[in-house]
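The primary structure of each chain is shown beneath.
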Amino acid sequence: MSSFDEISAFAKARLDDLEAKNLRRQLRPTDRRASGESWCDGARLISFCDNDYLGLSHDKDVIAAGAAAARTYGAGAGASRLVTGDCPLNTQLEEKIAAMKSMPAARLFGAGYLANIGTIPVLARAGDLILLDELSHSCLHAGAQLSGADIVRFRHNDVDHARQILLEQRPEGGILILTETVFSMDGDLAPLGALDELAREFGAWLMTDDAHGFGVVKIDNPAPVQMGTLSKAVGCYGGYVCGPKPLIDLLASRARSFVYTTGLPPGVLGSALQALEIIDKNDTLGERARANAKRFAELIGAPPPPASIVPLVIGDEQNALALSNQLEQEGFLVTAIRPPTVPEGTARLRFTFSADHRESDIDRLASVVQTTVNENQNSVAARA
Ligand SMILES: *Cc1c(COP(=O)(O)O)cnc(C)c1O
């Protein structure tokens, strides 16, 4: 067998294994024509699974600002920012982000994923300890692994467990605590005040991932290092880290995912600047997204969500996929979320809400969800 055939057979076997476990993922062209409106396989669906919480990806001013920036500065950055890719919009955007987050300085990255995997290894290294919430996003885990530090996961939002780990481990090196502000798959908030106290008690550093908070919910965040993304409520693309000015300077010299990659395309920078202007001037956008999520949660009898994410944990992957398919029959796009994105046995539908969703659509979604879940429970009961 040639190595080409070997690789092909190797990948095929892995795919078959994933398929058997209902864990194979499929790409599906989705034509998003407006916030919340998507076309899939020729059908018009109302999406309740985007992270475009404020509908800014389709805002006409955001699009126009991106087009204008591309016309002026080009379609691509041409090089990394340290070579010739430092389009002036980068600095403007960094200043705007820092001001909006009330932080001294910000550094842009190509994406939120790149921000985390670049920054964590600058803050921690072999001999240090990284303590992270077990439900933290994959890129926080990946950044922790790249750092070479020892890694211990604490139970979700369990500050006592984190303290117990620190008392048992008595680390000699530095300690970095990582968590999210709004958890991406559960929609709940981290106990940032208590984590900050814990960090002070042990001389640890706290870093937060605000991917699902920024623009949606104002959070009193004491963390000295705050990461976020421009790809969710901001409706564009890119990531950032805010922190002390010397750290932000250091990232430009030492964060590998900053140094060795091309600057963001000028069009994206122009769009993001405009989107931030809009967010800065309209408190009501985030409020509307949260109110929509609350409305849905109330209708299906779920606890009130602090941000705009409402999870419905199903458990089994196959059932989650079936429910997602049933919703699609009714005109709703809600992708099933399966392990390893969420822990084993907690496959779910993750409903997200945008400022643009219509109340009538939310109400119909809630009624379809309730009917479908009840039918499924009855059929499970009948089989048992
Ligand atoms: C989406 C997400 C990221 C990655 O951000 P991108 O800009 O999409 O790369 C990081 N952290 C969390 C919690 C996220 O949900």
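Please refer to the structure higher up on the page.
Chemist: Where do I start with the pattern of salt bridges in this structure?
Modeler: Under the defined criterion, the tally for this structure stands at 28 salt bridges. One salt bridge in this structure joins Asp186 and Arg348, with 3.2 Å as the shortest N-O distance. Note that Asp186 is positioned in the loop between β7 (175-180) and α7 (192-202) and Arg348 in strand β14 (residues 347-352), a separation of 162 residues in sequence. Residue class for Asp186 comes out partly exposed when judged on its relative accessible area of 25%. Residue classification places Arg348 among the buried positions, given a relative accessible area of 2%. The salt bridge partner of Lys218 is Asp283, with a shortest N-O separation of 3.5 Å. With Lys218 in the loop between β8 (205-209) and β9 (225-229) and Asp283 in helix α11 (residues 283-300), this pair connects stretches of sequence that are 65 residues apart. In this structure Lys218 comes out as exposed when scored by relative accessible area, which is 75%. In this structure, a network of salt bridges that share partners links the residues Arg81, Asp86, Glu94, Arg107, Lys245 and Asp249.

Chemist: Would you mind going over the layout of surface pockets with me for this structure?
Modeler: In this model, the largest pocket occupies a volume close to 1600 Å³. Considering the residues around the largest pocket, the lining is formed by 48 residues, among which Arg25, Thr335, Ala336, Ile337 and Thr341 are closest to the centre. Elements supplying a minimum of two residues to the lining of the largest pocket: α5 (138-147), α12 (317-329), β12 (332-333), β13 (336-337) and β14. For the second largest pocket, the calculated volume is near 510 Å³.

Chemist: What should I look at first to understand unusual backbone geometry in this one?
Modeler: With glycine set apart, most residues show a phi of negative sign, and most peptide bonds adopt trans. The amide bond that connects Pro339 to the next residue, Pro340, takes the cis arrangement and shows omega of 5°. Structurally, Pro340 is set in the loop between β13 and β14. Backbone geometry at Asn22 places phi at a positive 60°, although glycine is not the residue there. Turning to its location among the elements, Asn22 is positioned in the loop between α1 (3-20) and β1 (31-34). We classify Asn22 as partly exposed; its relative accessible area is 24%. Even without being glycine, Asn157 reaches a positive phi, approximately 60°. Tracing the backbone through its elements, the reader meets Asn157 in the loop between β6 (150-154) and α6 (159-169). Of the residues examined, Asn157 reaches a relative accessible area of 21% and is grouped as partly exposed.

Chemist: Help me understand the nonpolar core in this model?
Modeler: Note on soluble globular proteins: their nonpolar side chains tend to be buried together. Of all hydrophobic cores here, the largest spans 36 residues; its most connected members are Leu54, Leu93, Ile97, Leu108, Leu230 and Val234. The element contributing the most residues to this core is helix α10 (residues 266-281), with seven residues. Counting 25 residues, the second largest nonpolar core, distinct from the first, contains Ile46, Leu323, Leu365 and Val368.

Chemist: Sorry, what's going on with α5 here?
Modeler: An α-helical turn contains 3.6 residues, so any two residues separated by three or four positions project in the same direction. Extensive coverage of α5 is indicated by the burial of seven of its 10 residues. Among all positions in α5, only Cys139, Leu140, His141, Ala142, Gly143, Ala144 and Ser147 are buried. Buried residues belonging to α5 abut α4 (112-123), β5 (129-133), β6, β7 and β8. Gly148 occupies a position one or two residues after α5 and carries a positive phi of about 85°.

Chemist: Mind showing me how you'd approach the site of the ligand here?
Modeler: Near the ligand, the surroundings consist of 14 residues, among which Asp209, His212, Thr229, Ser231 and Lys232 are the closest. Between the ligand and His212, the relevant distance is 2.6 Å, taken from an oxygen atom to a side-chain nitrogen or oxygen of the residue. One of the side-chain nitrogen or oxygen atoms of Lys232 is found 2.7 Å away from an oxygen atom of the ligand. Coverage of the ligand by the protein amounts to 87% of the 380 Å² it exposes when considered alone. Class assignment for the residues of the shell around the ligand results in four nonpolar, seven polar and three charged.

Rules used throughout
Sequence order as written defines the numbering, with residues in each chain counted from 1. Given that the model is predicted, a residue must reach a pLDDT of at least 70 before its local features are reported, and side-chain atom pairs must reach 80 or more before they are shown or counted; all residues, however, enter totals for whole chains, interfaces and linings. Only heavy atoms go into the side-chain values, all of them from the structure, while hydrogens and water stay out. Salt bridges, as used here, are contacts in which a Lys or Arg side-chain nitrogen is within 4 Å of a carboxyl oxygen on Asp or Glu. By definition, any uninterrupted DSSP run of H or I lasting at least four residues is a helix, any uninterrupted run of E lasting at least two residues is a strand, and each is numbered from the N terminus. Accessibility here uses a 1.4 Å probe with only protein chains present; expressed as a share of the type maximum, an area under 20% marks a residue as buried, one over 50% as exposed, and anything in between as partly exposed. Cavity means a closed set of points on a 1 Å grid over the protein atoms alone, one where a 1.4 Å probe fits but cannot get out, pocket means an open set with protein on both sides within 12 Å along at least 5 of 7 lines, and lining means a residue has an atom within 4 Å of a point. Grid points are joined across faces, edges and corners, and a volume is the space filled by probe spheres set on the points. Buried residues of nine kinds, namely Ala, Val, Leu, Ile, Met, Phe, Trp, Tyr and Cys, make up a nonpolar core once their side-chain atoms join them within 4.5 Å. It only takes one pair of heavy atoms within 4.5 Å for two residues to be counted as in contact. Whether a residue is near a molecule or strand is decided by its heavy atoms; if any one of them lies within 4 Å of it, the residue is near. Counted as a polar contact is a pair of N or O atoms within 3.5 Å, where, for protein atoms, one must be capable of donating a hydrogen and the other of accepting one, and residues adjacent in sequence contribute only when both atoms are in side chains. Surface accessibility in these figures is a Shrake-Rupley result with a 1.4 Å probe; residues are shielded only by whichever protein chains are displayed. For this scheme, ten residues count as nonpolar: Ala, Val, Leu, Ile, Met, Phe, Trp, Tyr, Cys and Pro. Four count as charged, namely Asp, Glu, Lys and Arg, and the remainder, Gly too, count as polar.

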